[in-house]
Amino acid sequence: MLGAARESAAETGLRVLEARGTELEREFAFGAIRRIFEPVLMAASQAERAKLLAGAAAPAEWVIDPYEAGDDPHTRSAAGFAALHGIYWLAANVAADEPFMLSVDDLHWVDTSSLRALEYLAQRIADLPIVVLFALRPAEPGSPAALLDALRGQPGVTTLLPGALGSGAVSELVRARIPDADDEVCAACLEQSAGNPLYLEELLRAVSPDGVVTATAVKDASVPSLAERVARRTAHVDPRAPALTGAMAVLGDGGRLAMAASLTGMAEDDAAGIAHRLRRIEVLSAEDPFAFVHPLVRRSAYDQLSVTERDAVHAAAAKALSDEGASAEEVATHLASVRPAKSIAAAAGLMAAADQALGRVAPDAAIDWLERALEERAPEPEPAEILLELGMVEVAGRDLAAVEHLHAALDLTASAALRARISVALAEILVHAGQWEAGRDVMAGAVAGLDQDDTETVLEVLGYWSVVTFYDPSLVGEFDRLRDRFEELSTGETWPAYALRAMLALAKGLRGEPREEVVAQATYALEGDRLMGERAAGAWASPQALTALVAVDEFELALKACETLAEQSRLSGSFMGTTGSLGFRGWIFAKRGDLAAAEAELRIAWDLVNQAGMPLLITSAMYFLVDAVLERPGLDDVAELVHGLGLEQAFLASWGGAMMFEVRGRLRLMQGDRRGAVEDLREVTEVARALGVGPTFSPCRSALALALGPEERAEAAELITEELELARASGLPRPEGVALRAAGLLAGGKDGIAQLRASLSALERSEAALERARTQVELGAALRRAGQRAAAREPLTEGMDLAHHCGAARLVERARDELRATGARPRRVVHTGVDALTASELRVVRLAANGNSNPEIAQELYVSIKTVETHLSRAYSKLGLAGQGARAGLAEVLSPGP
């Protein structure tokens, strides 16, 4: 059926790209994807290849070519998402030049990495000029059922389930082979084959075409199994034919005849003669490279070998391939097929295959090879090293299976250096998974067991220990005790030293220490490409440096760092870096008061983070979203999720939990749940005090003060005094303005109005447009309550306009209500032009105005080109743009923004 479809496509001029799954090669990382796209890239000129692999398609090259010598394969182990996205864009770029058919036979034997890529492509194929055809055997033992079901369950999939051949079809096929066959012979063939096309073909091969074929002859030729039929035909060729056929079955389709001959000790000329006869009797479809007429025929020949024969041939094949310089994965396919025998060479070969799979961005395949290496039980490498490698791959992919494997590695090794490496990897996955107490305990054990003479290991461990201790109220004293040691270690030129410098910059920024010191340490950490150019776009360290810059309102420097992070994430395929660059950009936009742009960025980041299921990422994303969630009804779905997070107590007691409490507390206050808001905001404030976190990062003290009831006015005043002192000590106008606004709201009356004016004066020296709008509205409301209705109208009107410009819908309505209370008739905000654009439309329009093409925009936003076209079409209509000059006119109609 696939063959007929391919022929039809070729006849109409449609390009055909194809692959076939094989039982022997289903462990090859991205094997099917390589068969599909490697010919395309090989046939392309250098310029064409560069075009096909441009932009987001670049990581697709990793699945074709292994990583270069010197690359850290663990960097690419975090790149699974980028690789899948890259394959999608490679397909899109190929289709942009020429629509094509993608045909994959024996899908049940396709490797897991390719299946994931095909599923990713199938989810997004509706907008591309591509038709995809798959053929598979349902319920094939050992096949990845979940992935196959996901592919078959995609919207728009048409499933064909061919039934058995009927009498007419069987008669037609029989008479094509035996023209004189009568109805009785045809009926016998139907009965003996049960209408199975393969069995019918095998039956017809077994019936002698010489002389008259009778129904009795058909029944005599029929044997119970396909294996027996193949064995019977092969044995008639030559006494040595079964051995050669078995060797060919071990090597698989595409193997070379010379190697099959050498595995059986046969002269190549003799093997060639046997292969020719095997082709004549339709066991083989090609002689050199050889191929079987059907995968089940190969399997039948393979099954004729005893277990010991299989081990011997696979072992010999592995050695022969290794001697010829075959890829590690090709060699390991045979090593893995030999029963475990505590072989050091086999374990080393399997580890090399895992390394190569990581280079091809195929962590699933790497995991399979590493698990098989463990089964070998070889004395070298020691199991703890293999388990560490396995855990590192899983940590990069945020797979919680890493926890079990890394714990096992700790239990198996006495090496201090190895225990330290294992501990850092284990603690990182535990912390991101929200298992704070367990992660903390692992790191405490690593620090206690440090060999102080091993400077490199000390730096690696203390680097992550600084993160754990700073964010944990029960350990922050340890951070302060070791701070001078951290400063000393951070002056080095290795990645851990730069990472530690980033962490120290964050501590200074969150604690309100001098701005120039924060900026100096953060920029030092980000200098060159040391931090972000290594370890998957900076791993855990890049968020620390970015947070430090945002905390002290260095938005331009932070945005520049976000661009670097995004670029390094594209190069390394880092999921963490990708979501981080989006999240921090959105946070910066929100801080500046551009909530529509913030929502557009953070929506993408939120969707990615939510799929990962990592509590630390989720709470961070929510914190970045808080102002947009409070002011934009379109994010109410995200707001609802904050109430359903189930987090362990130790995590809730850390700063990760405090961020969640702050978001929930502010939401509860907005929704009128004052008691719940007070409970949450008390939790945040207690953690902030313990850690020394000030209002440069969190205005939790003033938020709690305003949530407290009248009977707690004294406590509220103390909280605001505390925040105001911390804000002024930082020297930053934004936190001072926020604290002064809270002071004015608490004081009320004449003093309150004076405080609100002081707040507005401070905020006018900052970029925090939303905070300025909030103060203007509160000042107008206070003047209105004081009976100064005419004076109230100006700040209310200005606040409403600024809130509208910020995209703060709820603040706009608040200002309008207050204006009406003054007796004014506020003009209705007309949503036309740029203001009428949705967050997603605005994000697309801004990218288009900056000169990005539709494919580039789609790659940036992780959407399809069709989605970009739809957003632009709607935006043109809202902006009054049309015709060929519409795109060029975008820059003119857009107001300046971040």
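Residues numbered from 1 in each chain as written. Predicted model: local features only at pLDDT ≥ 70, side-chain atom pairs only at ≥ 80, totals over all residues. Heavy atoms only, no water.

### Some points on the side chain of T457
If you trace the backbone, T457 turns up in helix α26 (residues 455-470). For T457, a relative accessible area of 14% puts it in the buried group. In this structure the side chain of T457 is engaged in a polar contact, spanning 2.6 Å, whose partner is the side chain of D454. If we ignore the near neighbours within four places in the chain, the residues touching T457 are A417, A420 and L450. (Helix = DSSP H or I, 4+ residues; strand = E, 2+ residues; numbered from the N terminus. Buried < 20%, exposed > 50% of the residue type's maximum accessible area, 1.4 Å probe, protein only. Polar contact = N/O pair within 3.5 Å; in protein donor to acceptor, adjacent residues only side chain to side chain. Contact = heavy atoms within 4.5 Å.)

### A short note on the packing of helix α20 (residues 344-359) against helix α21 (residues 363-376)
Here α20 crosses α21 at 170°, and the two axes come no closer than 8 Å. Of the possible angle classes, the one that applies to α20 and α21 is roughly antiparallel. Two secondary-structure elements touch here, α20 through A346, A347, L350, M351, A353, A354, A357 and L358 and α21 through P363, A365, A366, W369, L370, R372, A373 and E376. Taken together, the residues of the contact of α20 with α21 break down into 14 nonpolar, no polar and 2 charged. (Axes fitted to C-alpha atoms, helices over the stretch in contact; angles between N-to-C directions. Parallel < 35°, antiparallel > 145°, perpendicular 65-115°, else oblique. Nonpolar A, V, L, I, M, F, W, Y, C, P; charged D, E, K, R; others polar.)

### Some thoughts on the nonpolar core
One finds Y464 and W655 to be the most contacted residues of the largest nonpolar core, which totals 140 residues. Ranked by residues supplied to this core, first place goes to helix α28 (residues 495-510) with 12 residues. Sequence-distant contacts of Y464, defined by excluding residues within four places in its chain, comprise V424, A427, E428, V431, M443 and W540. Counting residues in each nonpolar core, the second largest holds 119 residues, with L53, V63, F292 and V868 among its members. (Core = buried A, V, L, I, M, F, W, Y, C linked by side-chain atoms within 4.5 Å.)

### Quick look at the sheet that holds strand β2 (residues 100-105)
Taken together, 3 strands build an open sheet; the order of strands is β1-β2-β3 and the sheet is parallel. The two strands at the open ends of the sheet, each matched to only one other strand, are β1 (15-20) and β3 (130-134). Taking the axes of each pair of neighbouring strands and ignoring which way they run, one obtains an average angle of 15° across the sheet. In this structure, β1 lies alongside β2, joined through 6 bridges in parallel fashion. Residue L17 lies in a different strand from β2, and its bridge partner there is L102. Contacting β1, β2 and β3, helix α1 (residues 2-11) crosses the sheet at an angle of about 165° to β2. (Pairing = 2+ DSSP bridges.)

### Notes on the pattern of salt bridges
A full pass over the atoms with the stated rule returns 57 salt bridges. As a salt-bridge pair, R152 and D149 come within 2.7 Å of each other at their nearest N and O atoms. Placement of the pair is R152 and D149 together in helix α8 (residues 145-152), with a separation of 3 residues, close to one helical turn. Judged by its relative accessible area of 34%, R152 falls in the partly exposed class. In this structure, the salt-bridge partner of R175 is D183, at a minimum N-O distance of 2.6 Å. With relative accessibility at 59%, the residue D183 sits in the exposed group. Taken together, the salt bridges that share partners define one network made up of D627, E631, R666, R741, E771 and R774. (Salt bridge = Lys/Arg side-chain N within 4 Å of Asp/Glu carboxyl O.)

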